[in-house]
Amino acid sequence: MAHRITYKPQGIILSSAVGEITVAVEGEYVDVTLTATGGIVILSERYYAHGGYVTLYDLGSLIESEMNKSGQSCADFTLRVFTDSVNNKADSCVLHILYCDRFTVCTDIPTFLKENFLTTLSMRRVAPGSTLSLFFYAESGESLEYSVQHTFQTKKSEARFLHSYYMDSGKTAATSGVVQINVPLSSVIADAAGFAAVRPDNITLLSFTVRCGQRSVTCFVDNSLSDLESFYFRNCFNVWDTATLPVETTAKTDVERSLAIINGKSRFYNQSTAKTYEVEAGPLTSDEADWIDQLFSSHDVFRIEPDPTNSYDPLLLAPILITDCTCEIQDGDEKLNTVKFTWRYTDNRPIVRLSASPGIFTSPYNLVYS
């Protein structure tokens, strides 16, 4: 007889669904290791058996913590139990993990992955000029072709036009894993302009739907929104998601300092300055209301900050912290859903935005241009 893992999960499983794992133990104790890809050991302990068994609890939290650090949404972990490999007492299994930090009752994960992108918001609004990033899990050999069907108007007519185009035709996944696709709105507008035989600035994009296999996400273009007011965060699947919502923001600056009297004169010391931003977002759709708390609980949240001095990379991602939030969503139809939250930059110094002229020449100014 040897050590034996009594239940070995098959196929891909959600990290939140990694439950109790029981090990049948030969002898008094068993050594257990849990190893991530690359040989990173995240658990190495000796456990003493009770009634011939050892039960491992909450491995999902250890796995999620490692995936948070590495930024992975899909990874393999090897669970090994042993005492003396010479006597052939070892057993092991590989856990194919898809990150999900939420409780779910879905029992058919492969079907869910075939029919959904890795987001729980399938109907969303986007800002003009933005780029939609979508992630999905593809099996090895699966087609990666996707389509973009869009609705638009031209300035010459109030009629609505519908057109679609395809990308990545003939492309397949080399291995099983998470795939990212990016859909710039400028590309959608360019296709609409080509179809309508007008210039891109004569196009008003209304909505578009991205489909890959059985998966789909529909986006509505809201001209009142700005990409610079978006929040970028890792959602419950540990992939990047974007919250672009109508918001009202109030900036608050708090200065704390102590007062000392030196030689009959008062002086400040130990001064600190904190700047926070109070946001009220809404009204929200019911789908947005169910999804928005993933922003508040995310371990990585960013805001776009423009850098006018850099023509090659004019937009930077600045990390922020959501320090307080009130997310009370009601299921009636008497009130509109809104949320309030407070955020600040991770840097303890308040931000100051420096302005600079982007320039109109491609080379430094000299007398030729005077």
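Quick look at the structure, then. The written sequence of each chain sets the order in which its residues are numbered from 1. Totals for whole chains, interfaces and linings use all residues, but because this is a predicted model, local features are given only for residues with pLDDT of at least 70 and pairs of side-chain atoms are given and counted only at 80 or more. Heavy atoms from the whole structure form the basis of all side-chain values; hydrogens and water molecules are not counted.

Right, let's get into helix H3 (residues 185–196). Within an α-helix, residues lying three or four positions from one another point in the same direction, as the helix has 3.6 residues per turn. Only DSSP runs of H or I reaching four residues or more are called helices, and only runs of E reaching two or more are called strands; each is numbered from the N terminus. Multiply 1.5 Å by the residue count of a helix minus one, and that product is the helix's expected span. For H3, with 12 residues, the first-to-last C-alpha span of 16 Å sits near the 16 Å given by 1.5 Å per residue. Leu185, Val188, Ala192 and Ala193 are the residues of H3 that are buried. Buried residues along H3 cover an arc of 140 degrees about the axis, so they all sit on one side. Looking at H3, the residues exposed on the side facing more than 90 degrees away from the buried face are Ser186 and Gly194. We call two residues in contact when some of their heavy atoms are within 4.5 Å. In this fold, the buried residues of H3 make contact with strand E9 (123–126), strand E11 (146–154), strand E12 (157–167), strand E13 (177–184), strand E14 (203–212) and strand E15 (215–221). Just downstream of H3 lies alanine 197, where phi reads positive at about 60 degrees. We call a residue buried when its accessible area falls under 20% of the maximum for its residue type, exposed when it is over 50%, and partly exposed in between, using a 1.4 Å probe and counting protein chains only. What the arc describes is the spread of directions from the helix axis to the C-beta atoms.

In this section: the nonpolar core. Judged by nonpolar contacts, the single largest core of 28 residues is most densely connected at Phe117, Phe136, Val148, Val183, Phe208 and Val210. Contributions of two or more residues to this core are made by strand E10 (131–138), E11, E13, H3, E14 and E15. With 5 residues, E14 is the largest single contributor of residues to this core. Not counting residues within four places of it along the chain, the set of residues in contact with valine 210 comprises Phe117, Leu132, Leu134, Tyr146, Ser147, Val148, Ile181, Val183, Arg215, Ser216 and Val217. By size, the runner-up hydrophobic cluster in this structure holds 25 residues, among which are Val18, Leu34, Leu43 and Phe77. What we call a nonpolar core is a set of buried Ala, Val, Leu, Ile, Met, Phe, Trp, Tyr and Cys residues that are connected through their side-chain atoms within 4.5 Å.

Strand-to-strand pairing in sheets goes through backbone hydrogen bonds, with the strands running parallel or antiparallel. The strand order E17-E16-E20-E21-E22-E19-E18 describes an open sheet built from 7 strands, whose pairing is antiparallel. The two strands at the open ends of the sheet, each matched to only one other strand, are strand E17 (240–243) and strand E18 (247–262). Going from strand to strand, the sheet's axes swing by 35 degrees on average, the running direction of each strand aside. At least two DSSP bridges between two strands are required for those strands to pair. When strand E16 (residues 231–234) meets E17, the two strands line up antiparallel, connected through 4 bridges. Within E17, the position partnered with phenylalanine 231 by the bridge is alanine 243. Axes, fitted as lines to C-alpha atoms, cover a helix only where it is in contact. Angles between the N-to-C directions of the axes lie from 0 to 180 degrees.

Let us look at the environment of tyrosine 232. Position of tyrosine 232 relative to the elements: it lies in strand E16. Among the residues examined, tyrosine 232 registers a relative accessible area of 16% and is labelled buried. C-alpha separation for the pair tyrosine 232 and leucine 79, spaced 153 residues apart in sequence, amounts to 34 Å. Setting aside its immediate chain neighbours within four residues, tyrosine 232 contacts Asp227, Trp240, Asp241, Thr242, Asp300, Val301, Phe302, Ile304 and Leu317.

The next point concerns the sheet that holds strand E3 (residues 21–24). Strand order in the open sheet formed by 3 strands is E1-E3-E6, and the pairing between neighbours is antiparallel. This sheet does not close on itself; its edge strands, each paired only once, are strand E1 (4–5) and strand E6 (53–56). For E1 and E3, the ladder comprises 2 bridges, and the chain directions are antiparallel. Considered in E3, the bridge of isoleucine 5 is made with valine 23.

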